[in-house]
Amino acid sequence: MSCQNIVLIGFMGSGKSSIGRLLSKKLGFQFVDTDRVIIERAGMEISDIFAQHGEDYFRDLESTTLASLAHLRRCIIATGGGVVLREANRALLSGLGFVVGLAADEEVIFERVSRNAKRPLLQTENPRETVRRILNERLNLYEAAAQFTVDTSQLTYEQIAEIIINEVRRAFQWQSAP
Ligand code: S3P
């Protein structure tokens, strides 16, 4: 296990991007969001990639993007919620750094994702049911891929960031600023 980077995984709405930005500020690490990298490389929004090319094409871009980050050091890497679906991605994740899972109760997730209507997988007749189904399909994958998991349901971003920093310091014997 290495800690050249901190990698955040978790369901849509688990707070990966917001917590990732906060961690990057606190630790002086660069922030990288795989969805943003995909958008820049493809030259279009995630929702347009899904609409025009389909989910498999997006998953291929996601895998290629993840593999292309192997050289990064001292970065906080936020990933898309479906990154754990492919076994090859799961292997890449642990090679990238310390993998932190962000968990949240289903109700909390639904409340958070409802504030943003852009997520292609949730454009269904019953998004609540879709969240429940996908979350249940993925729970074991998040659990298995993360070296450390924080339940974010009742915590502020500030508290979550501190918990993660303490864990990384403990696991890697970081003294002061890494
Ligand atoms: C997805 C999550 C999204 C984005 C895409 C697919 C998923 O990222 O990668 O819409 O399969 O859960 P966020 O988790 O940042 O919303």
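Up top is the structure these notes are about.
This section reports on the structure supplied with the text. (Residues numbered from 1 in each chain as written. Predicted model: local features only at pLDDT ≥ 70, side-chain atom pairs only at ≥ 80, totals over all residues. Heavy atoms only, no water.)

What follows concerns the overall build of the protein chain. A tally of helices and strands in the protein chain yields 8 helices and 5 strands. The N-to-C order of helical and strand elements in the protein chain reads β-α-β-α-α-α-β-α-β-α-α-β-α. Taking 2.2 N^0.38 as the reference for a compact globule, 178 residues should give roughly 16 Å; the C-alpha atoms of the protein chain span a radius of gyration of 16 Å, in line with that estimate. Considering only C-alpha atoms, the protein chain reaches an extent of 50 × 35 × 25 Å along its principal axes. Within the protein chain, the proportion of its 178 residues that are buried is 47%. A separation of at least 24 residues holds for 74% of the contacts in the protein chain among residues at least 6 apart in sequence. With the model as given, the accessible surface of the protein chain reaches about 9,000 Å², and the carbon-plus-sulfur share is 49%. (Helix = DSSP H or I, 4+ residues; strand = E, 2+ residues; numbered from the N terminus. Rg over C-alpha atoms; globule rule 2.2 N^0.38 Å. Buried < 20%, exposed > 50% of the residue type's maximum accessible area, 1.4 Å probe, protein only. Contact = heavy atoms within 4.5 Å. Areas by Shrake-Rupley, 256 points an atom, 1.4 Å probe, with all protein chains shown as cover.)

Most often, soluble globular proteins keep nonpolar side chains buried together rather than apart. Grouped together as the largest cluster of nonpolar side chains are 27 residues, with contacts concentrated most on Ile9, Phe11, Val32, Ile77, Val84, Leu93 and Ile109. For this core, the secondary structure elements donating two or more residues are β1 (5-10), β3 (75-78), α5 (87-96), α6 (106-113) and α7 (127-145). Broken down by element, the residue count for this core peaks at 5 residues, all from α7. Counting residues in hydrophobic clusters, the runner-up holds 20 residues, among them Ile6, Leu8, Leu23 and Ile160. (Core = buried A, V, L, I, M, F, W, Y, C linked by side-chain atoms within 4.5 Å.)

Positionally, Ala88 belongs in helix α5. A C-alpha to C-alpha distance of 10.0 Å links Ala88 and Leu66, two positions 22 residues apart in sequence.

Considering the arrangement of structural elements, one finds Gln4 in the segment before β1. Residue Gln4 is classed as buried on the basis of its relative accessible area, which comes to 19%. At 3.1 Å, the side chain of Gln4 forms a polar contact with the backbone oxygen of Gly95. (Polar contact = N/O pair within 3.5 Å; in protein donor to acceptor, adjacent residues only side chain to side chain.)

What follows is about α5. Of all the residues in α5, the buried ones are Asn89, Leu93 and Leu96. Within α5, the buried residues cover an arc of 65° as seen down the axis, which keeps them to one side. Facing away from the buried side of α5 by over 90 degrees, the exposed positions are Glu87, Ala88 and Ala91. (Arc of directions from axis to C-beta.)

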